[in-house]
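# Secondary and tertiary structure notes
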Amino acid sequence: MISSALALWWLALPVLLLPIWWHRQKRQRVKSEPLATARFLPAAPPQTARIWRWEDLILLALRCLLLAALIAWLAATTMPWRGDTVFISPALEARADARAPAWIKQQIATAGLSAAPQMPLPPDALQWLQANESEWRPGARMLVLAESIAMPAQLPPLAHAVDIRLLPAATSTASAPRTQRSVVVAAPVERLAAWRAMFAAFEAADGSRYLIEDKPSSETELIVWDSQAAPPPGWHAPLWWLPPSARPAALGATDAASPPLAINGLQLQIASSPQGRLWTSAAMPPQTADAARALYETWQSLAQPVQPYPMPAMQLAPRRNSPLAMPNTPPAAWLAYLLLALFALERLMTHVRRR
């Protein structure tokens, strides 16, 4: 199974220059026979010359292939080498209060992992552990310390024991600050009160404070354009609400409006424009509490990001005898057979060369 860290073995490819250098250093002495008349000549040192034979070239190629196959086998084989490990969320360490460091030390001490190495907790912690736990030795324990972890749809079957501990929420009598959301309402005076009443109902529903402005800014989430005139070209927002009296073509809609969709009992048409997404409905502005609730639920379900369900603190027992194989990784067994075959051929060619 391939591990991204073990791919650094490929940096050892310059080792292939060693057999080339070794073979170039080979010399073969020129054979000489003593002659009777040579004794009267001055002595001369023996001469050497490089002699490349076909056995040398084949042996050099085999040795280079053997080293390359060895590096490939090391880069494609995961050997478990990690022991007990403590994973700490970077968001938990970045907290400004002094409660988090003390809690981290306490949890590490109670788990008996004071001497264990610490690692930053990666995103999608459980999925990352499942994909990389082959680096940990059998029986190694993992302690996960975080402020919050998203609950996966299904807990992955791990081969190691994982203890997940979450920082308890601070008990405080002070009320949490209200989230401020910026919206722009451009409507006639006779319908402006209905729009303001609708956002007042939204404030009671989610506890946020809706700041109604006259011009959009970078923080504007929604523009209500209750007018037949074209909006200023510099106005942009992720979402636009248009009553039937407004004309989507005035905003330069790039595609035709979709057929009416029935969502939460609300008839809604959706289109795109260079200035943002366009929602058109006859129920704007809502005249009843049910219509306002349907518009609010549709807005939260379609336009707002889904908030992950927080995972509770728990201890995950091992559910597998061995780690899962990493996806899209070929087995390294054939590399071992290739190494054996190259080694046997290299020994044979060495014996042939010495004959």
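What comes next is a walk through the structure. (Residues numbered from 1 in each chain as written. Predicted model: local features only at pLDDT ≥ 70, side-chain atom pairs only at ≥ 80, totals over all residues. Heavy atoms only, no water.)

## Let's talk about helix 4 (residues 99–110)
The line we're drawing: Where helices and strands are cited, they refer to DSSP runs of H or I of at least four residues and of E of at least two residues respectively, numbered from the N terminus. Expected span of a helix: the number of residues minus one, times 1.5 Å. Between buried and exposed lies partly exposed: a residue is buried under 20% and exposed over 50% of the maximum accessible area for its type, with that area taken using a 1.4 Å probe on protein chains only. This arc is taken over the directions from the axis of the helix to the C-beta atoms. Should any heavy atoms of two residues lie within 4.5 Å, those residues are considered in contact.
With twelve residues, helix 4 ought to run about 16 Å at 1.5 Å a step, and its terminal C-alpha atoms sit 17 Å apart, in line with that. Residues of helix 4 that are buried: Ala-100, Trp-103, Ile-104, Gln-107 and Ile-108. Along helix 4, the residues classed as buried sweep out an arc of 130 degrees about the axis, all on the same side. In this structure, helix 4 carries Lys-105 and Thr-110 as exposed residues pointing more than 90 degrees from its buried face. Those residues of helix 4 that are buried are in contact with strand 3 (85–88), helix 3 (90–93), strand 4 (118–120), strand 5 (141–146) and strand 6 (161–166). Positive backbone phi, approximately 70 degrees, marks Gly-112, located one or two places after helix 4.

## A closer look at the side chain of Thr-280
Within the secondary structure, Thr-280 sits in strand 13 (residues 276–280). Contacts of Thr-280, omitting those with residues within four sequence positions, involve Leu-242, Pro-243, Pro-248, Gln-267, Leu-268 and Gln-269.

## Focus on the side chain of Glu-346
The test is simple: What qualifies as a polar contact is a pair of N or O atoms within 3.5 Å, subject to a donor-acceptor requirement within protein and to the restriction that residues adjacent in sequence count only when both atoms come from side chains.
In this structure, Glu-346 sits in helix 8 (residues 333–353). The class for Glu-346 is buried, based on a relative accessible area of 5%. Side-chain polar atoms of Glu-346 contact the side chain of Arg-347, separated by 2.8 Å. Not counting residues within four places of it along the chain, the set of residues in contact with Glu-346 comprises Leu-59, Leu-62 and Arg-63.

## Considerations on the pattern of salt bridges
So the rule is basically this: Any Lys or Arg side-chain nitrogen located within 4 Å of an Asp or Glu carboxyl oxygen qualifies as a salt bridge.
Summed over the entire model, instances satisfying the criterion amount to ten salt bridges. The partner of Asp-84 in a salt bridge is Arg-141, with the nearest N and O atoms 3.9 Å apart. Taken as a pair, Asp-84 in the loop between helix 2 (54–75) and strand 3 and Arg-141 in strand 5 lie far apart in primary sequence, 57 residues in all. Judged by its relative accessible area of 28%, Asp-84 is partly exposed. Taking the relative accessible area as the measure of exposure, Arg-141 reaches 37% and is therefore partly exposed. In this structure, the salt-bridge partner of Asp-290 is Arg-293, at a minimum N-O distance of 2.6 Å.

## Section: the environment of His-23
Turning to its location among the elements, His-23 is positioned in helix 1 (residues 17–24). When its relative accessible area of 6% is taken as the criterion, His-23 is described as buried. Put simply, His-23 and Leu-57 are 34 residues apart on the chain and 9.1 Å apart in space, counted from C-alpha to C-alpha.

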